[in-house]
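Listed below are the residues making up each chain.
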Amino acid sequence: MYTIAELPIDNPLQTVEYDLGLESALRRMFEDGYTQIGVERDGELVGIVTYRSVVRTLLAFHQLEVGHKTLDKISVGAAVEDAHTISEDENLLSVFDALAEYTYIVVERDDQWRILTDYDLLTRLKQMLEPFLLIESIEMQLRSIFTRVFGDSLSEQLAETFDDEHPLPTPASVEHCSYAHYAQFLSIHWEEFEPLFDDQQDVIRELVLEIGDMRNRLFHFRIDDPDEFDRDLLRFGQSYFSSV
């Protein structure tokens, strides 16, 4: 199982001093676009201040009837909360549980405190999942196009096209087709598909084959980093086939 050490956590945790006025800390958070900021005392990380912890502090002051204190009269230390630090040796799945509860975690890496927020994780997940979702969407669109062209006779046409003498296995239905099936079926029956794609046979065939190659590399774990994918080509394919 992967560990937190394998996550790309690149954001250093920015910090302020424990005795800084809360107004100054909030101003820095707002100007720099932070939703939380670390708090140090004597060079040690003692916790985190968030917008939520600030509101909680102000409500507590109000309840204690000292709500007349202004933000510049309250130190950051009054609003500090636990930093929710987590070891890099922890199971990667523990990140989801921690972020569901705290919205951020703090990790020590290379002698430096780094922060991972729920937004960071969602952004990373989108980056990782996008190729899978685009490839699946394109495949669903191809199946829909095949069904639109051949209707109820599609399974029969597939069986005739990919008979026992064909190097590709005979698919029981369009749901059992590979991208290689899609590319060859389009080429063999181009006369039926041409009204949809105009005079773009070579382009369509190469596009389907290229997406199929990316699909195989991705689904069979033959690629180390999904960022290596040509996302623009996948997005083009998804947009193109959805508009047919």
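Residues numbered from 1 in each chain as written. Predicted model: local features only at pLDDT ≥ 70, side-chain atom pairs only at ≥ 80, totals over all residues. Heavy atoms only, no water.

Along its length, the protein chain carries nine helices and five strands. Each helix (α) and strand (β) of the protein chain, taken in turn from the N terminus, gives the series β-α-β-β-α-α-β-β-α-α-α-α-α-α. Since a compact globule built from 244 residues should have a radius of gyration of about 18 Å, the 28 Å found for the protein chain marks it as more spread out than a globular shape. Along the first, second and third principal axes, the C-alpha set of the protein chain runs to 85 × 35 × 25 Å. (Helix = DSSP H or I, 4+ residues; strand = E, 2+ residues; numbered from the N terminus. Rg over C-alpha atoms; globule rule 2.2 N^0.38 Å.)

Our next topic: the side chain of Ser53. Note that Ser53 resides in helix α2 (residues 51-63). Judged by its relative accessible area of 0%, Ser53 falls in the buried class. (Buried < 20%, exposed > 50% of the residue type's maximum accessible area, 1.4 Å probe, protein only.)

Its place among the elements puts Phe150 in helix α4 (residues 118-150). In this structure Phe150 touches Gln157, Phe185, His189, Glu192 and Phe193, once residues within four positions along its chain are discounted. (Contact = heavy atoms within 4.5 Å.)

Bringing unusual backbone geometry into the picture now. The phi angle of most residues is negative, glycine excepted, and most peptide bonds adopt the trans form. A positive phi angle is found at Asp42, which is not glycine, with a value near 55°. Of note, Asp42 is situated in the loop between β2 (36-41) and β3 (44-50). Here Asp42 falls in the exposed class, since its relative accessible area comes to 74%. For Asp110, which is not glycine, the phi torsion reads 55° and is therefore positive. With respect to the secondary-structure elements, Asp110 resides in the loop between β4 (104-109) and β5 (112-117).

A separate point is the sheet that holds β3. Hydrogen bonds along the backbone pair up the strands of a sheet, which may run parallel or antiparallel. What the three strands build is an open sheet, ordered β1-β2-β3; its pairing is mixed. Of all the strands in the sheet, the pair left with one neighbour each is β1 (15-17) and β3. Strand-to-strand twist in this sheet, taken as the mean axis angle between neighbours without regard to direction, amounts to 40°. Of the strand pairs in this sheet, β1 and β2 are connected by three bridges, and their pairing is parallel. Following the sheet pairing, Thr15 is matched in β2 by Gly38. (Pairing = 2+ DSSP bridges. Axes fitted to C-alpha atoms, helices over the stretch in contact; angles between N-to-C directions.)

Summarising the element assignment, Asp19 is placed in the loop between β1 and α1 (22-32). Given the relative accessible area of 64%, Asp19 is considered exposed. Linking Asp19 and Ile188, residues 169 residues apart in sequence, is a C-alpha distance of 75 Å.

This paragraph deals with the domain arrangement of the protein chain. Taken domain by domain, the protein chain consists of domain 1 (4-110) and domain 2 (122-243). Once you take the C-alpha centre of each, domain 1 and domain 2 turn out to be 48 Å apart. (Domains from an automatic or database assignment.)

Moving on, we get to the packing of aromatic side chains. Taken as a whole and assessed by the stated rule, the structure comprises 14 aromatic pairs. A centroid spacing of 6.2 Å and a plane angle of 15° characterise the contact between Phe197 and Tyr240, whose relative ring orientation is stacked. Of this pair, Phe197 sits in helix α7 (residues 190-197) while Tyr240 sits in helix α9 (residues 231-242); the two residues are 43 residues apart in sequence, bridging distant segments of the chain. Connected via pairs of aromatic rings, a cluster forms that spans Phe146, Phe150, Phe162, Tyr179, Tyr182, Phe185 and Phe193. Sitting over the face of the ring of Tyr18, Arg41 holds its NZ or CZ atom 4.1 Å from the ring centroid. (Phe/Tyr/Trp six-rings, centres within 6.5 Å; stacked < 30°, edge-to-face > 60°. Lys NZ or Arg CZ within 6 Å of the ring centre and 35° of its normal.)

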